[in-house]
Amino acid sequence: MPMLDTFRPESGSLPTRDAIPTRYKWDLTSICTNWDEWSRTYATLDSAINAFAALQGTLAQGPEPLLAAFQAMDAMGELAYRVWYFASLQYDEDQRSNDVNARRQQVQILFARQQQASSWFNPELLSIPLDTVRAWLEANATLGTYRFAVESLFHEQEHVLDEAGERLMSFAGRFNSVPYDSYSALTTADAKHPSLTLSDGRALTLTYGHYRALLETNPNQVDRAAAYRLFHQTFSDNQNTYAALYNGVLQRDWFHARARGYATTLDAALHGNNIPTSVVENLIEVTKQGVEPLRRYHRLRRRVLGGDTYRLFDVFVPLVAHTAQYPYDEVGGWIVDSVAPLGAEYQQQVRRAFDGRWIDVFENQGKRSGAYSAPVYGAHPYMLLNYNETLDAVFTLAHEMGHSMHTLLSHQAQPFVYAGYTIFVAEVPSTLNEALFLDLMLDRAKSREERIVLLQHAIDSIAGTFYTQVLFADFELQAHRLVEQDQPVTAESLNTIYAGLLDAYYGDVIDREEVSRVTWARIPHFFSTPYYVYQYATCFASTARLMQGVRSTAPGERADAVARYLNLLKAGGSDYPMNLLSLAGVDLSQPDTVRAVSTELDTLVARLERELQ
Ligand SMILES: [Zn+2]
């Protein structure tokens, strides 16, 4: 018998929020029961900020005053979570609400004041000799909790300059965003999106969104080729300008590295998280040696698609026509089932997320797009979805649930100061949950077509999240080395690096296309956040490595791997990422860890080959 309050989204119509039954909407009362309580919490935070400012000048007096300041800072932080998320989650329910938006902005203003009122803390702590602080951490057990926070602050300090030097750096800081701002202006604000006429006569404005959708869905190679060439042509036409802007990024990074006494730009980028450069170098080298399964996949695609040529615009189209719908009410149970390998307790927590209304499921008028997991300290994680019953939506749910369980376990096990975790480990639990979910879906698939779609989904995600990101990291490293070695940076030198990487990855499995050389110009990450994307790949490699243990058929080995993995989640941000990962038995400086991905890919491609025979 169907439940009375069942709901399924209909395409083409967007419900009001009221039309969606309550059980599909998150329950924010775990944060604040109502706006009155929120106002009181806001006022408490306001006074906590003032109280904290009054502690300025006390830190050097000894361990007790330092401890008091740390605790006051934590108290502020805890209140800040609740004050922020109660307003911002409600804003995301319907972004047209001016009332809620006003409250959200009120919090932002308070946060700016909080930042000002606490800006004295780090410099004052850093002015105490490290040996003195270490002796205090030894002497006072409660203060000892803050050891890693203190050590990492002093570690960051290693490359801070004297006052005159920092003053000069702060003046130069105003130029930092110029290359990326110019890049954005050129690619968005001032961009003239070309118009493309498809083979059926329809005209299309070629924005990035339309371009991607066309490559992923249009079965006509002629249309895909035309879209690809036209899209890249706009970058090729401006390639000298893009090269000059990218040179600005590279020169800026090299200036910062040298001014702060780092040997290379990579050293500078990795210092904060204390990651050895060998991790990135190992990632790049081992991945390049492990491209065979990727080529095997593309050879298979070339054969199945059956055209005379196979190019970069042919790599995303589906191999079979199959669209299944996945109603939310069924999928919830599958997600719970899929995490069984992680133990009954973990499974119970996932069930709580569904039963306790931690999830805002469906799209409604005014709701924020996309999906996220919000780590609300003092309550529990909340997830926002725009669930539309597609396979992508199901995997997004599995992904966000992974983030949420990480948050939950970390918040339960860690003191506030270490409750948050860095991006370097953040995508491990989310991708691991996706991997578990894929295993379950493949077991339960009802048809050959469904298995093919699932395998393609998994393989494309390894290709896109791992191989492509490592190729990007390789490009960034080679480009930065140009300036480090006083080599000229021109469109031609960048095109040559990129073309060389395409060859190294795809060989002759994908037919060459001249305009692909300029692809670097359309990757915003290169211009906005250098040396960032490799972290997706290291997370992916860690997950592949962990899954080898979780899937192990030897019970002792499996139980061991699961226990170590859960320890990683519980460890939150209590140490540097490399140390945390080693808790889980993952060593990213080892070739075997990175090789776990190509092994995994090879297994999936072999399976896909059998299905497509
Ligand atoms: Zn994620």
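Attention in this report is confined to the structure presented alongside it.

Criteria and thresholds
Residues numbered from 1 in each chain as written. Predicted model: local features only at pLDDT ≥ 70, side-chain atom pairs only at ≥ 80, totals over all residues. Heavy atoms only, no water. Helix = DSSP H or I, 4+ residues; strand = E, 2+ residues; numbered from the N terminus. Buried < 20%, exposed > 50% of the residue type's maximum accessible area, 1.4 Å probe, protein only. Contact = heavy atoms within 4.5 Å. Areas by Shrake-Rupley, 256 points an atom, 1.4 Å probe, with all protein chains shown as cover. Donors = N, O, S within 2.8 Å, 3.2 Å for Na, K, Ca; no water. Axes fitted to C-alpha atoms, helices over the stretch in contact; angles between N-to-C directions. Parallel < 35°, antiparallel > 145°, perpendicular 65-115°, else oblique. Left-handed = near helix turned anticlockwise from the far one by under 90°. Pairing = 2+ DSSP bridges. Phe/Tyr/Trp six-rings, centres within 6.5 Å; stacked < 30°, edge-to-face > 60°. Lys NZ or Arg CZ within 6 Å of the ring centre and 35° of its normal. Core = buried A, V, L, I, M, F, W, Y, C linked by side-chain atoms within 4.5 Å. Expected span 1.5 Å × (residues − 1). Salt bridge = Lys/Arg side-chain N within 4 Å of Asp/Glu carboxyl O. Arc of directions from axis to C-beta.

### Considering the overall build of the protein
Alright, step 1. A count of helices and strands for the protein gives 26 helices and five strands.
Alright, step 2. Out of the 613 residues belonging to the protein, those deemed buried represent 52%.
Alright, step 3. The contacts in the protein between residues at least 6 apart in sequence include a share of 75% that link residues at least 24 apart.
Alright, step 4. Approximately 27300 Å² of the protein is accessible, and the part contributed by carbon and sulfur atoms is 50%.

### With respect to the coordination of the zinc ion
Around a metal, the idealised angle for a tetrahedral arrangement of four donor atoms is 109.5 degrees; for an octahedral arrangement of six donor atoms it is 90 or 180 degrees.
Alright, step 1. The zinc ion binds to the protein through His399 (NE2), His403 (NE2), Glu427 (OE) and Glu427 (OE); the donor distances cover 2.1 to 2.5 Å.
Alright, step 2. Counting gaps between the donor residues of the zinc ion yields the pattern H-x3-H-x23-E. One end of the pair, His403, is in helix 18 (residues 391-413); the other, Glu427, is in helix 19 (residues 423-444), and 24 residues separate them in sequence.
Alright, step 3. Judged by its relative accessible area of 18%, Glu427 is buried.

### Here's the deal with the packing of helix 10 (residues 208-217) against helix 11 (residues 221-237)
Alright, step 1. Close contact between helix 10 and helix 11 brings their axes to 9 Å; oriented N to C, the two are set at 150 degrees. The angle between helix 10 and helix 11 falls in the class roughly antiparallel. Relative to helix 11, the crossing made by helix 10 is left-handed. Of the residues in helix 11, those touching helix 10 at Tyr208, Tyr211, Leu214 and Leu215 are Asp223, Arg224, Ala227, Tyr228, Phe231 and His232.

### Looking at the sheet that holds strand 4 (residues 372-374)
Alright, step 1. Taken together, three strands build an open sheet; the order of strands is 3-5-4 and the sheet is mixed. Unpaired on one side and paired on the other, strand 3 (359-360) and strand 4 mark the two borders of the sheet.
Alright, step 2. Two elements, strand 4 and strand 5 (residues 382-384), share three bridges in a ladder whose sense is antiparallel. Paired with Tyr372 across the strands is Leu384, a residue of strand 5.

### A look at the environment of Phe466
Alright, step 1. Looking at the element boundaries, Phe466 is found in helix 20 (residues 448-484).
Alright, step 2. Here Phe466 falls in the buried class, since its relative accessible area comes to 1%.
Alright, step 3. A C-alpha to C-alpha distance of 8.2 Å links Phe466 and Val597, two positions 131 residues apart in sequence.
Alright, step 4. In this structure, Phe466 is in contact with Leu283, Thr287, Ser461, Ala537, Phe540, Ala541, Val594 and Val597, ignoring residues within four places of it in sequence.

### So, the packing of aromatic side chains
Alright, step 1. On inspection of all chains with the given rule, the structure shows 48 aromatic pairs.
Alright, step 2. Aromatic pair Phe466 and Phe540: ring centres 6.4 Å apart, planes at 40 degrees, arrangement tilted. You can see Phe466 sitting in helix 20 and its partner Phe540 sitting in helix 23 (residues 534-550), a full 74 residues away along the chain.
Alright, step 3. Relative to Phe526, the ring of Phe472 lies with its centre 5.3 Å away and its plane at 80 degrees, an arrangement referred to as edge-to-face. Pair noted here: Phe472 is in helix 20 and Phe526 is in helix 22 (residues 524-528), with a separation of 54 residues, a long-range link.
Alright, step 4. Phe472 sits in the buried class, given a relative accessible area of 9%.
Alright, step 5. Overall, the relative accessible area of 1% leaves Phe526 in the buried class.
Alright, step 6. Sitting above the plane of the Trp35 ring, Arg103 keeps its charged end 4.1 Å from the centroid.
Alright, step 7. Note that Arg212 overlies the ring of Phe316, its terminal NZ or CZ placed 4.2 Å from the centroid.

### Observations concerning the nonpolar core
Alright, step 1. Within the largest apolar cluster, 150 residues are counted, with the highest numbers of intra-cluster contacts made by Tyr246, Ile359, Phe466, Phe475 and Trp520.
Alright, step 2. Here the element with the most residues in this core is helix 20; it accounts for 18 residues.
Alright, step 3. The residues contacting Trp520, other than those within four sequence positions of it, are Gln239, Tyr242, Ala243, Tyr246, Phe475, Ala491, Leu494, Asn495, Tyr498, Phe526 and Phe527.
Alright, step 4. Counting residues in each nonpolar core, the second largest holds 44 residues, with Phe70, Leu79, Leu89 and Val150 among its members.

### As for helix 26 (residues 591-611)
Alright, step 1. The first and last C-alpha atoms of helix 26 sit 31 Å apart over 21 residues, in line with the 30 Å expected at 1.5 Å per residue.
Alright, step 2. Every buried residue of helix 26 is listed here: Thr593, Val594, Ala596, Val597, Ser598, Glu600, Leu601, Leu604, Val605, Ala606, Leu608 and Glu611.
Alright, step 3. Those residues of helix 26 hidden inside the fold are in contact with helix 14 (277-289), helix 15 (292-305), helix 19, helix 20 and helix 23.

### Regarding the pattern of salt bridges
Alright, step 1. Enumeration over the complete set of coordinates arrives at 35 salt bridges.
Alright, step 2. Between Arg311 and Glu513 there is a salt bridge whose closest N-O contact spans 3.5 Å. Of this pair, Arg311 sits in the loop between helix 15 and helix 16 (328-338) while Glu513 sits in the loop between helix 21 (491-506) and helix 22, and the two are 202 residues apart along the sequence. Across the pair, Glu513 and Arg311 agree in class, each one buried.
Alright, step 3. Of the charged contacts in the structure, one is a salt bridge between Lys367 and Asp360, with a shortest N-O distance of 2.9 Å. In this pair, the class of Lys367 matches that of Asp360, namely buried.

### Looking at the environment of Tyr91
Alright, step 1. Summarising the element assignment, Tyr91 is placed in helix 2 (residues 63-93).
Alright, step 2. The exposure class assigned to Tyr91 is buried, which follows from its relative accessible area of 13%.
Alright, step 3. Counting along the chain gives 269 residues from Tyr91 to Asp360, while the straight-line C-alpha distance between them is 13 Å.
Alright, step 4. Excluding its chain neighbours within four sequence positions, the residues that come into contact with Tyr91 are Ser97, Val100, Asn101 and Arg104.

### What to know about helix 5 (residues 130-139)
Alright, step 1. Regarding helix 5, the residues found buried are Val133, Trp136 and Leu137. In an axial view of helix 5, the angular spread of the buried residues amounts to 100 degrees, which keeps them on one side of the axis. What points out from helix 5, more than 90 degrees from its buried face, is the exposed set Asp131, Glu138 and Ala139.
Alright, step 2. Against helix 2, helix 4 (121-126), helix 6 (141-144) and helix 7 (147-157) lie the buried residues of helix 5.

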